[in-house]
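Observations on the three-dimensional arrangement
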Amino acid sequence: MQNYLVGLNEEQRTAVEHMDGPLMIVAGAGSGKTKVLTTRIAHLMYNGVDAFNILALTFTNKAAAEMKERVERALGNTEARNLYIGTFHSVFARILRGEANRLGYPNNFTIYDTDDAKSVIKGIVNEMNLDDKHYKAAYVYNRISAAKNSLIDPAMYKLDTTIQQEDARGNRPQMGDIYEAYARRCFRNGAMDFDDLLFKMYILLTHHPEALAKYQGRFQYILIDEYQDTNLAQYAIIKMLGARHENICVVGDDAQSIYSFRGATVQNILQFQDDYEDVKIVKLEQNYRSTQTILNVANNVIGNNKNQIKKSLWTSNDEGDKIMLVRTMTDNDEGRFVADSIKEQQMRNHYANRDFAILYRTNAQSRSFEESLRRMNIPYKLVGGTSFYQRKEVKDYLAYMRVVVNTQDEENIKRIINYPTRGIGKTTIERILVRANELNTTFWEVISNHEIDGIRSTQIDNFVMMIRSFQAMLEKHTAYDVAYAVGKHTGLVQELYNDKTVEGLARYENVQELLNSIKEFTETPDEEGELRDKNLGSYLQQITLLTDADQNNDENADVVKLMTIHAAKGLEFTCVFAVGLEENLFPSAMSLYDRENLEEERRLFYVVITRAKAKLWVTYANSRYRFGTLVQNEPSRFIEEIPAAHLDKTFTGTSNKAPTSPGGFGSMMNQTFDKMPSLKKLADKLAQPAPPVHTPSPDFVPDDAMAMEPGMQVEHQKFGMGKILTVEGGVQNRIAGIDFGTGHGVKKIMLNFAKLRIVK
Ligand code: ATP
Ligand code: MG
């Protein structure tokens, strides 16, 4: 028997050894679907099929890399390098590079990312003299994206009565024209956006029979992982490519379908049997990944979904530990708990960093974990997302604040001078730069100094005035007040708030999260209980230290992985922290009133549980800052779906211990972090009883400020009775230190402004 067949169970082996004809494997998580798929590739090659004739597709680059690695391991040679294994987008981009001329594109066509695409759309909307608040770029982009993924070109779009009615109802009758202009513009620029990589591939195969014949001939064996998440475009392309040989192998799990919001349809897997004749169906029922406990919990949870193909899944693995259910006071406590637990587990069980994954519902949740991991010197990597402080919207926001604090910061001025759009174009910016060079002065000097002529305009003057108004706040206001004003008056927050797409919402949440961290910074006393320097400068200084710490980018590095559950599909880890299990977060607020959406959230929960091999923690916080306020959330309804017998419950949140770590850079970071106030302390502060409110006596008449002397008993309108301890300063700035007792304590009072009555 070949090496790669050793250890496969009977069903797996049947699937691997099946050579020709359509094959479908539908099975639960961790049952070896991906293993079968990769082993099958090895088997095909071992039986003489050329790597050149095999196409294997999956969804994430990470999954593709893992698949390639597994094939290489199974084959024990490097032949696998010639295989077409990759994501739909990357494989099709590669094919399109070779075939672009047939479509009238240059071979080195540009690929526009979402931001590029949106700015093209913005330009078109403006050129067409349409209201860009109504025809928002993000909205238009999503609409065009959905059309492309449903294989609808501009002409079809304009002829389709349902679509036309939808646009009419939304009062956007020009959508079709924008789509048409956008497609034309991209073509003229020699550019394709992400969706074009699927759509143009489809066009290539339908309009160019030679190309179709070529690839049908080439890809004699097609294998698709995670088939449950394919959309119409992907489905149609696969159908065409496989039509000649019909050696299509699809593997998937309807219980892990989590992309319906992007047009994926489980229908594709359900109707596979109708698409081809003589489909061989293999069921895999043994789970090799997880402990019995983890599997039982997963089965129990998914059993609550009505829409599903019933499957039985068992394992011969050990029963394993119970699931740790952990409640913390705040989201920062949650971060701290997870980092502490990782350290503890490593000491106890000698786990490596790479054995751990922290998986969350939304990208914005990464911040508290990033902070705790850094503080504990645990190397980590954020997968499939940019580090919180690297995200564009966060960087834009920070850029404003950096400019307010330091107007010499030319890079950041350039970044925000026309964001949100305020009519200061590229040419103007270039002219400013030239002028600054000529005069050997700064960018800011050129735009703000009225003696330098020929550059300024109303827009520029307004921008300068706005920045100055923030600067005027610096001395007397906290970092949060200034940050809030910046968000409000620049239009930055509004811009993000208006974008109601999934990505837009995520960006808005990230900006709120940034504000939360600033608020927390300013509101919480430090170790000594004093309110220390809470201005914007000190906040930014701290953040700079945070961002400067190097991140590890090596794929194989021994690091803790942080990612969304969506990005973790298909992967496995020894220890998994499923975090943020709170109503309105997971399940998400948008899914609560719709059974189908709720079932998709439950499938996501099933996905996160089944990523774990040995240990699973499920955590939630009593309160977390969301959208600028401290929100109390109920525990997620999904927690109740975990059988109590499998749970070990812990409540944590009182721990406030100082981080332990060696010296060097780490300890420098620790010092910074020691100053990071915790939400816990804030919560404690909020929990203290409010000081009593004083009602002034009916005969209250304020006395002259100059009459106040130490030792006097006085009455303050708001703080009540007190004793003057000290008096200092001159006539203009006479300040008294007054002890108002337990409620308010000792306060410094400006006597010229305060109203005080001398009692005796
Ligand atoms: P998912 O639904 O999460 O994508 P999957 O069905 O694709 O899971 P795999 O990732 O292929 O499952 O396999 C899960 C784990 O079980 C892997 O570590 C794999 O190596 C192991 N495994 C699969 N089959 C066997 C087997 N016959 N013997 C030993 N280990 C196996
Ligand atoms: Mg898999």
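This is a predicted model, so every value here is computed, not measured.

1. Things to note about the overall build of the chain
Of the regular secondary structure elements, the chain holds 29 helices and 21 strands. Within the chain, the proportion of its 760 residues that are buried is 54%. The contacts in the chain between residues at least 6 apart in sequence include a share of 74% that link residues at least 24 apart. Carbon and sulfur atoms provide 49% of the accessible area of the chain, an area that totals close to 34,100 Å².

2. A few points about the nonpolar core
Grouped together as the largest cluster of nonpolar side chains are 65 residues, with contacts concentrated most on Phe92, Ile95 and Leu241. Mapping this core onto the domain boundaries places at least three of its residues in each of domain 1 (3-97 + 200-286) and domain 2 (111-189). If we ignore the near neighbours within four places in the chain, the residues touching Leu241 are Leu55, Met201, Leu205, Tyr215, Gln216, Phe219 and Ile222. Grouped together as the second largest cluster of nonpolar side chains are 49 residues, Ile424, Val486, Leu514 and Ile518 included.

3. Looking at empty space enclosed by the protein
In this structure the tally under the stated criterion is three cavities of 30 Å³ or more. Within this model, the largest cavity holds a volume of roughly 150 Å³. Taken together, 14 residues make up the lining of the largest cavity; nearest its centre are Ala364, Gln365, Glu513, Tyr625 and Arg626. Broken down by secondary-structure element, the contributors of at least two residues to the lining of the largest cavity are helix H25 (502-523) and strand E14 (612-626). Counting residues per element, the lining of the largest cavity draws most heavily on H25, which supplies four residues. Here the lining of the largest cavity is built from residues that sort into four nonpolar, five polar and five charged. Looking at which domains feed residues into the lining of the largest cavity, each of domain 3 (323-387 + 551-651) and domain 4 (391-522) gives three or more. Put simply, the second largest cavity is a space of about 70 Å³. Taken together, Thr34, Thr58, Ala63, Glu66, Met67, Arg70, Asp225, Glu226 and Gly570 make up the full set of residues lining the second largest cavity. Sorting elements by how many residues they give to the lining of the second largest cavity places helix H3 (residues 61-75) first, with four residues.

4. Quick word on the confidence of the model for the chain
On average, residues of the chain score 84 in pLDDT, and 88% of them reach the 70 mark or higher. For residues 527-531, every residue scores under 50 in pLDDT, and the model assigns this stretch six contacts once sequence neighbours within four places are set aside. Between residues 654-690, whose pLDDT stays under 50, and residues either more than four places distant or in other chains, the model counts 60 contacts.

5. Description of the environment of Arg456
Among the structural elements, Arg456 can be located in the loop between helix H21 (443-448) and helix H22 (458-473). With 24 residues separating them in the primary sequence, Arg456 and Ile432 have C-alpha atoms 9.0 Å apart. Excluding residues that lie within four positions of it along the chain, Arg456 makes contacts with Val446, Ile447, Asn449, His450 and Asp461.

6. Topic: the pattern of salt bridges
Two side chains with opposite charge may pair up if their charged atoms get near one another. Scanning all chains against the criterion turns up 35 salt bridges. Where Glu180 meets Lys158, a salt bridge forms, and the shortest distance between an N and an O atom there is 2.7 Å. Within this pair, whereas Glu180 is found in helix H9 (residues 175-188), its partner Lys158 is found in helix H7 (residues 154-159), the two being separated by 22 residues in sequence. In this structure, Arg374 engages Glu370 in a salt bridge whose closest nitrogen and oxygen atoms are separated by 3.8 Å. With Arg374 and Glu370 both in helix H17 (residues 366-375), this residue pair falls four residues apart, about one helical turn. Given a relative accessible area of 12%, Arg374 falls into the buried group.

7. Remarks on the site of ligand 1
Around ligand 1, the surrounding shell holds 20 residues, and the nearest of these are Lys33, Lys35, Gln256, Glu572 and Arg611. Within the side chain of Lys33, an N or O atom sits 2.6 Å from an oxygen atom of ligand 1. Against a free-state accessible area of 630 Å², the protein chains account for coverage of 85% of ligand 1. The cavity that encloses ligand 1 is the second largest pocket. At three residues, the largest contribution of residues to the shell around ligand 1 is made by helix H2 (residues 33-46). Taken together, the residues of the shell around ligand 1 sort by class into three nonpolar, ten polar and seven charged. Of the domains in this structure, domain 1 (3-97 + 200-286) and domain 3 (323-387 + 551-651) are the two that each give at least three residues to the shell around ligand 1.

8. Thoughts on the pairing of strand E13 (residues 573-578)
Counting buried positions along E13 yields six of six residues, so the element is predominantly enclosed. Bridge count between strand E10 (residues 356-360) and E13: four bridges; the pairing is parallel. Of the residues in E13, the one forming a bridge with Ile358 is Phe577. Note that E13 and E14 share five bridges and pair parallel. When the bridges of E14 are listed, Cys575 appears paired with Lys615.

9. Topic: the side chain of His208
Along the polypeptide, His208 turns up in the loop between helix H10 (194-207) and helix H11 (209-218). What makes His208 buried here is its relative accessible area of 18%. Ignoring sequence-local partners within four residues, the contact set of His208 consists of Arg102, Leu103 and Ile203.

10. A few points about the sheet that holds strand E17 (residues 713-716)
Two orientations exist for strands paired in a sheet by backbone hydrogen bonds: parallel and antiparallel. The antiparallel open sheet is built from five strands, whose spatial order is E20-E19-E18-E17-E21. The open sheet has two edge strands with one neighbour each: strand E20 (746-750) and strand E21 (756-758). The mean inter-strand angle of the sheet, taken between neighbouring strand axes irrespective of direction, is 40°. Pairing of strand E18 (residues 720-728) with strand E19 (residues 735-739), which is carried by five bridges, proceeds in the antiparallel orientation. By the bridge assignment for E19, Glu728 is matched with Ile735.

11. Details of the packing of aromatic side chains
Evaluated as defined, the whole model comprises 17 aromatic pairs. For the pair Tyr157 and Tyr179, a centre-to-centre distance of 5.6 Å together with 85° between the ring planes defines the contact as edge-to-face. Taken together, the residues span a long stretch of sequence, with Tyr157 in helix H7 and Tyr179 in helix H9 at a distance of 22 residues. For the residue pair Tyr157 and Tyr179, the accessibility class agrees, reading buried in each case.

12. Describing the packing of helix H6 (residues 137-149) against H10
To characterise two packed helices, one gives the angle between the axes of the helices and the distance between these axes. Two numbers describe how H6 lies on H10: the axes approach to 9 Å, and their chain directions differ by 25°. Between H6 and H10, the angle is such that the two are roughly parallel. Judged by the sense of rotation from one axis to the other, the crossing of H6 with H10 is left-handed. Contacts from Tyr141, Ser145, Lys148 and Asn149 of H6 reach H10 at Asp195, Asp196, Leu198 and Phe199. Class assignment of the residues belonging to the contact of H6 with H10 gives a composition of three nonpolar, two polar and three charged.

13. Notes on unusual backbone geometry
Put simply, Tyr419 and Pro420 share a cis peptide bond, and its omega is -10°. Mapping Pro420 onto the fold places it in the loop between helix H19 (410-416) and helix H20 (426-438). The phi dihedral of Asn129 is positive, around 55°, even though this residue is not glycine. You can see Asn129 is positioned in the loop between helix H5 (114-127) and H6. Even without glycine at this site, Asn440 takes up a positive phi of about 55°. Relative to the helices and strands, Asn440 resides in the loop between H20 and H21.

Reading the values: the criteria
- Residues numbered from 1 in each chain as written.
- Chains lettered and ligands numbered in written order.
- Predicted model: local features only at pLDDT ≥ 70, side-chain atom pairs only at ≥ 80, totals over all residues.
- Heavy atoms only, no water.
- Helix = DSSP H or I, 4+ residues; strand = E, 2+ residues; numbered from the N terminus.
- Buried < 20%, exposed > 50% of the residue type's maximum accessible area, 1.4 Å probe, protein only.
- Contact = heavy atoms within 4.5 Å.
- Areas by Shrake-Rupley, 256 points an atom, 1.4 Å probe, with all protein chains shown as cover.
- Core = buried A, V, L, I, M, F, W, Y, C linked by side-chain atoms within 4.5 Å.
- Domains from an automatic or database assignment.
- 1 Å grid on protein atoms, 1.4 Å probe; cavity = no way out; pocket = protein on both sides within 12 Å on 5 of 7 lines; lining within 4 Å.
- Points joined across faces, edges and corners; volume = space filled by probe spheres on them.
- Nonpolar A, V, L, I, M, F, W, Y, C, P; charged D, E, K, R; others polar.
- pLDDT = per-residue confidence, 0-100.
- Salt bridge = Lys/Arg side-chain N within 4 Å of Asp/Glu carboxyl O.
- Near = heavy atom within 4 Å.
- Polar contact = N/O pair within 3.5 Å; in protein donor to acceptor, adjacent residues only side chain to side chain.
- Sits in = over half its atoms within 2 Å of the grid points.
- Pairing = 2+ DSSP bridges.
- Axes fitted to C-alpha atoms, helices over the stretch in contact; angles between N-to-C directions.
- Phe/Tyr/Trp six-rings, centres within 6.5 Å; stacked < 30°, edge-to-face > 60°.
- Parallel < 35°, antiparallel > 145°, perpendicular 65-115°, else oblique.
- Left-handed = near helix turned anticlockwise from the far one by under 90°.

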